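Structure at a glance
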Number of protein chains: 2
Amino acid sequence: MAVTADLSVSLDLVAAGEDQSLEHPFGRRVGAGERLHTWMFDHRDENADEVSAITAAGAFIMGRHMFSPDRGEWDLEWRGWWGPEPPYHAPVFVLCSRPRDPLEMEGGTTFHFVTDGIEAALRRALDGAGDQDVAIAGGPTTINAYLRAGLLDELRLHIVPITFGEGLRIFDGTPDLELVPVSSRTTPHVTHVTWRR
Amino acid sequence: MAVTADLSVSLDLVAAGEDQSLEHPFGRRVGAGERLHTWMFDHRDENADEVSAITAAGAFIMGRHMFSPDRGEWDLEWRGWWGPEPPYHAPVFVLCSRPRDPLEMEGGTTFHFVTDGIEAALRRALDGAGDQDVAIAGGPTTINAYLRAGLLDELRLHIVPITFGEGLRIFDGTPDLELVPVSSRTTPHVTHVTWRR
């Protein structure tokens with residue numbers, strides 16, 4: 001049972017825009033988010049193992065902006081980006097500052113809203129995962145928080161060979177990490193690299 | 001005949017400190033430069049092919065601070081960091097703003113001082129390389145300049161699994177690149193990743 005994170009990043013380590021909104025969930029830069037995820041959607045066969053691994057955990061943790069574009073009060077009509085049956089099929093713990101009742105979706109995904117911090121969310125996710133892994137599903141700010149706290153066991157970056165020059169980056173505000181290289185694999189559109197604590 | 005660049009970087013893409021000096025050629029952060037290059041010096045057997053490739057070119061280009069810690073006027077006593085026989089065994093073109101006569105070292109390395117910019121340096125290096133590759137030897141600022149100008153054919157990063165949180169980074173000021181993933185290889189202390197234009 002490990003705490004893992006998968007993240008698609010550009011060469012310059014950008015994973016998301018700083019200006020997410022309902023219309024532009026990855027920020028205003030045209031097509032940025034789509035281009036970071038093309039390897040998954042348009043080239044799934046080339047990257048089947050890595051795509052499968054992303055949703056193989058027994059519980060997930062995500063930042064509020066990965067769940068919802070709204071800020072401040074909850075829009076209770078909003079049920080996530082993923083339609084009625086999200087791809088998690090497991091409990092998902094959403095880090096946030098305002099309480100909200102759990103939201104049960106089809107296919108076994110229930111969103112729980114956690115207001116008491118990343119360690120509390122991890123305890124609840126470990127409880128919910130049974131003997132499976134817990135995945136920090138993103139975004140980069142959330143993964144950086146777990147890296148900084150020394151709570152992430154395995155980081156799997158999917159490096160897309162483009163640069164953006166601005167945006168939210170993995171490893172921002174995480175000095176003095178020391179990880180161990182585990183594996184790497186290049187496919188025609190992406191380089192998969194894994195490190196462990 | 002390709003224009004290549006090798007660079008050792010941290011997870012957060014830092015390749016050098018911002019405060020290089022004679023005492024601290026990679027910047028003041030204790031041991032930073034040494035830790036980025038341990039894979040070459042202490043674990044050469046694990047990474048023999050990648051180490052050999054770094055000095056396999058027919059000519060080299062480097063920034064002034066990679067040649068010399070002094071600023072402003074040349075200290076003509078300074079003959080580089082590498083002792084009497086530098087590891088290049090080929091012409092090395094040093095980008096700088098003040099002219100200096102060529103400096104011939106033992107073993108076939110001659111430093112040429114180029115004051116008319118990165119394109120002129122590349123023309124001279126291509127002439128000097130015969131049918132071999134030209135390597136942009138660093139530092140990160142120089143490699144970024146060639147990336148930005150679209151003049152680099154192959155970039156080989158050697159990713160050391162540590163973070164610094166500050167310093168000179170590869171891909172700083174190079175938005176809108178689009179490269180092609182070529183290969184990757186993980187060894188116990190470093191991940192080697194190559195992209196082409």
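Residues numbered from 1 in each chain as written. Chains lettered and ligands numbered in written order. Predicted model: local features only at pLDDT ≥ 70, side-chain atom pairs only at ≥ 80, totals over all residues. Heavy atoms only, no water.

Turning to the overall build of chain A, a few remarks are in order. The helix and strand inventory of chain A stands at five helices and eleven strands. Computed over the C-alpha atoms, the radius of gyration of chain A is 16 Å, within 12% of the 16 Å expected from 2.2 N^0.38 for a compact globule of 197 residues. Referenced to the eigenvectors of the C-alpha coordinate spread, the extents of chain A come out at roughly 40 × 35 × 35 Å. Each of the 197 residues in chain A was classed as buried or not, and the buried ones make up 53%. Excluding contacts between residues fewer than 6 apart, the proportion of contacts in chain A whose partners are at least 24 apart in sequence is 65%. As displayed, chain A has an accessible area near 8900 Å², and 49% of this comes from carbon and sulfur atoms. The averaged location of the 30 negative side-chain charges in chain A is 3 Å from the averaged location of its 17 positive side-chain charges. (Helix = DSSP H or I, 4+ residues; strand = E, 2+ residues; numbered from the N terminus. Rg over C-alpha atoms; globule rule 2.2 N^0.38 Å. Buried < 20%, exposed > 50% of the residue type's maximum accessible area, 1.4 Å probe, protein only. Contact = heavy atoms within 4.5 Å. Areas by Shrake-Rupley, 256 points an atom, 1.4 Å probe, with all protein chains shown as cover. Lys, Arg positive; Asp, Glu negative; His and termini not counted. Charge placed at Lys NZ, Arg CZ, Asp CG, Glu CD.)

Below, the discussion takes up the relation of the copies chain A and chain B. Turning chain A through 180° and shifting it by 0.0 Å along the axis lays it on chain B, with an RMSD of 0.0 Å. The relationship between the two copies is best expressed as a two-fold rotation axis. Of the C-alpha atoms belonging to chain A, the one lying closest to the rotation axis is found on A:Ser184, 3.0 Å away. Counting the interface residues of chain A, we find that 100% of their copies in chain B are interface residues as well, pointing to one common contact surface. (Least-squares fit on C-alpha atoms with pLDDT ≥ 70 in both.)

Further remarks concern the interface of chain A and chain B. The figure often quoted for interface size is the accessible area lost as the parts come together. Each side of the interface is counted separately: chain A has 32 residues, and chain B has 32 residues. Around 2300 Å² of area is buried between chain A and chain B when both sides are counted, 57% of it from carbon and sulfur atoms. If you sort the residues of chain A by the area they bury against chain B, A:Leu11, A:Thr163 and A:Pro181 come out on top, with a joint share of 24%. Counting across the chain A and chain B interface gives two salt bridges. The interface formed by chain A and chain B contains 16 residue pairs in polar contact (both at pLDDT 80 or more). For the side of chain A that touches chain B, the secondary structure elements donating two or more residues are strand 10 (180-187) and strand 11 (190-196) of chain A. Its residues assigned to classes, the side of chain A that touches chain B comprises 17 nonpolar, nine polar and six charged. (Buried area = accessible area lost by both parts, 1.4 Å probe. Salt bridge = Lys/Arg side-chain N within 4 Å of Asp/Glu carboxyl O. Polar contact = N/O pair within 3.5 Å; in protein donor to acceptor, adjacent residues only side chain to side chain. Nonpolar A, V, L, I, M, F, W, Y, C, P; charged D, E, K, R; others polar.)

This paragraph deals with the side chain of B:Thr174. Residue position: B:Thr174 is located in the loop between strand 9 (168-169) and strand 10 (180-187). Note on B:Thr174: relative accessible area 2%, which makes it buried. The residues contacting B:Thr174, other than those within four sequence positions of it, are A:Thr163, B:Asn144, B:Leu147 and B:Arg148.

Residues apart from glycine generally show negative phi values, whereas peptide bonds are mostly found in trans. Residue and element names in this part refer to chain A. In this model, Gly138 is joined to Gly139 through a cis peptide bond whose omega is -5°. With respect to the helices and strands, the residue Gly139 is situated in the loop between strand 7 (134-138) and helix 5 (140-148). For Asp176, which is not glycine, the phi torsion reads 65° and is therefore positive.

All names here are of chain B. Here Pro84 lies in the loop between helix 3 (64-67) and strand 4 (91-95). Among the residues examined, Pro84 registers a relative accessible area of 53% and is labelled exposed. In sequence terms Pro84 and Gly139 are 55 residues apart; their C-alpha atoms lie 21 Å from each other. In contact with Pro84, not counting residues within four places along its chain, are Met105 and Glu106.

On to the nonpolar core, then. Core analysis: the largest hydrophobic core is formed by 62 residues, its most contacted members being A:Ile61 and B:Ile61. Not counting chain neighbours up to four residues away, the residues in contact with B:Ile61 comprise B:Phe93, B:Leu95, B:Ala121, B:Leu122, B:Ala125, B:Val134, B:Ala135, B:Ile136, B:Ala137, B:Gly138 and B:Tyr146. (Core = buried A, V, L, I, M, F, W, Y, C linked by side-chain atoms within 4.5 Å.)

So, about the pairing of strand 6 (residues 110-114) of chain A. Residues and elements named next belong to chain A. Across the five residues that make up strand 6, a large majority, five, are buried. Across the two faces of strand 6 the burial is the same, with Thr110, His112 and Val114 and Phe111 and Phe113 all buried. With five bridges joining them, strand 4 (residues 91-95) and strand 6 adopt parallel strand pairing. Bridge pairing in strand 6 links Leu95 to Val114. When strand 5 (residues 103-104) meets strand 6, the two strands line up antiparallel, connected through two bridges. Looking at the pairing, Glu104 lines up with Thr110 of strand 6. What sits between the antiparallel neighbours strand 5 and strand 6 is a turn of five residues, in which Gly107 has the positive phi angle 80°. (Pairing = 2+ DSSP bridges.)

This part covers the pattern of salt bridges. As enumerated under the stated definition, the model contains 14 salt bridges over all chains in all. Linking B:Glu50 and B:Arg185 is a salt bridge whose minimum nitrogen-to-oxygen distance equals 2.9 Å. Within this pair, whereas B:Glu50 is found in helix 2 (residues 48-54), its partner B:Arg185 is found in strand 10, the two being separated by 135 residues in sequence. What makes B:Arg185 partly exposed here is its relative accessible area of 35%. Each of the salt bridges in this network shares a partner with another, and the network as a whole consists of A:Asp6, A:Glu154, A:Arg156 and A:Arg196.

With that out of the way, let us pick up the packing of aromatic side chains. All names here are of chain A. Under the definition given, this model contains 16 aromatic pairs over all chains. Relative to Phe113, the ring of Trp74 lies with its centre 5.1 Å away and its plane at 65°, an arrangement referred to as edge-to-face. Residue Trp74 is located in the loop between helix 3 (64-67) and strand 4, and its partner Phe113 is located in strand 6; the two are separated by 39 residues in the primary sequence. The class of Trp74 is buried, set by a relative accessible area of 12%. On the basis of relative accessible area, Phe113 is assigned to the buried category, the value being 8%. Counting every residue linked through ring pairs, the aromatic cluster contains Phe60, Phe67, Trp74, Trp82, Tyr88, Phe111 and Phe113. Seen from the ring of Trp74, Arg100 lies directly overhead, with NZ or CZ sitting 5.2 Å from the centre. (Phe/Tyr/Trp six-rings, centres within 6.5 Å; stacked < 30°, edge-to-face > 60°. Lys NZ or Arg CZ within 6 Å of the ring centre and 35° of its normal.)

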